[in-house]
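Report on the structure
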Amino acid sequence: QVQLVESGGGLVQAGGSLRLSCAASGSIFNITTMGWYRQATGTQRELVARITSGGSTDYADSVKGRFTISGDNAKNTVYLQMNSLKPEDTAVYYCNADAKDFNSGYRPYWGQGTQVTVSS
């Protein structure tokens, strides 16, 4: 099994910044991609940003130029630097990893979620 533990959420004023972290642990054989999704109340979960083990990144159009995803393969950790936050960024942010443990094939894993609230 692979466990994902997130940290760094909180309450911030519009225009402010937050940095989310997510560390993967457990019986990790390999991780191909890690990323962040978010889900606001009454909406579907959506991709925010993701990064491959090779360093390729992908962002939602709504966060391009404001958010930056980075990763540390040695630590199995991914970070999301969020700048110029807007009230519409308010959501629960979930860490995701496409990973393989020693007993099974690749599958998606999810963290427990961390709340980000941006006040106007």
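Computed from a predicted structure; not experimentally measured.

Rules and cut-offs
- Residues numbered from 1 in each chain as written.
- Predicted model: local features only at pLDDT ≥ 70, side-chain atom pairs only at ≥ 80, totals over all residues.
- Heavy atoms only, no water.
- Salt bridge = Lys/Arg side-chain N within 4 Å of Asp/Glu carboxyl O.
- Buried < 20%, exposed > 50% of the residue type's maximum accessible area, 1.4 Å probe, protein only.
- Helix = DSSP H or I, 4+ residues; strand = E, 2+ residues; numbered from the N terminus.
- Pairing = 2+ DSSP bridges.
- Patch = residues over 30% accessible without salt bridge, like charges linked within 9 Å, V, L, I, M, F, W, Y side chains within 5 Å.
- Areas by Shrake-Rupley, 256 points an atom, 1.4 Å probe, with all protein chains shown as cover.
- Polar contact = N/O pair within 3.5 Å; in protein donor to acceptor, adjacent residues only side chain to side chain.
- Contact = heavy atoms within 4.5 Å.
- Core = buried A, V, L, I, M, F, W, Y, C linked by side-chain atoms within 4.5 Å.

Turning to the pattern of salt bridges, a few remarks are in order. Considering all chains together, one arrives at five salt bridges under this definition. The salt bridge involving E46 is made with R38; its shortest N-O contact spans 2.8 Å. Its relative accessible area of 6% is what places R38 among the buried residues. The salt bridge involving D89 is made with R38; its shortest N-O contact spans 3.0 Å. Residue D89 is found in the loop between β8 (77–82) and β9 (91–101), and its partner R38 is found in strand β4 (residues 28–39); the two are separated by 51 residues along the sequence. A relative accessible area of 1% means that D89 is categorised as buried. Through salt bridges with shared partners, a single ionic network connects R38, E46, R66 and D89.

In this section: the pairing of strand β3 (residues 18–26). Bridging between strand β1 (residues 2–7) and β3 involves six bridges; their strand directions are antiparallel. Residue pairing across strands places V5 opposite A23, the latter belonging to β3. In terms of strand pairing, β3 meets β8 through six bridges, oriented antiparallel. Note that in β8 the partner of L20 across the bridge is L80.

For the rest of this paragraph, the subject is a nonpolar patch on the surface. Judged by side-chain polarity, F29, F102 and Y106 come together as a nonpolar surface patch covering roughly 370 Å² of accessible area. Within the fold, F102 resides in the loop between β9 and β10 (107–110).

On the secondary structure map, T114 appears in strand β11 (residues 114–119). You can call T114 buried: its relative accessible area is 12%. At 3.4 Å, the side chain of T114 and the backbone nitrogen of G9 are in polar contact. Setting aside residues no more than four positions away along its own chain, T114 makes contact with E6, G9, L20, A91, V92 and Y93.

Moving on, we come to the nonpolar core. Counting 31 residues, the largest nonpolar core has L4, M34, W36, L80, M82 and Y93 as the members making the most contacts within it. At the level of secondary structure, the elements contributing two or more residues to this core comprise β1, β3, β4, β5 (46–52), β7 (67–72), β8, β9 and β11. Counting residues per element, this core draws most heavily on β9, at five residues. When residues no more than four places from it in sequence are discounted, the contact partners of M34 are L4, C22, A24, R50, I51, I69, N76, T77, V78, C95, N96 and A97.

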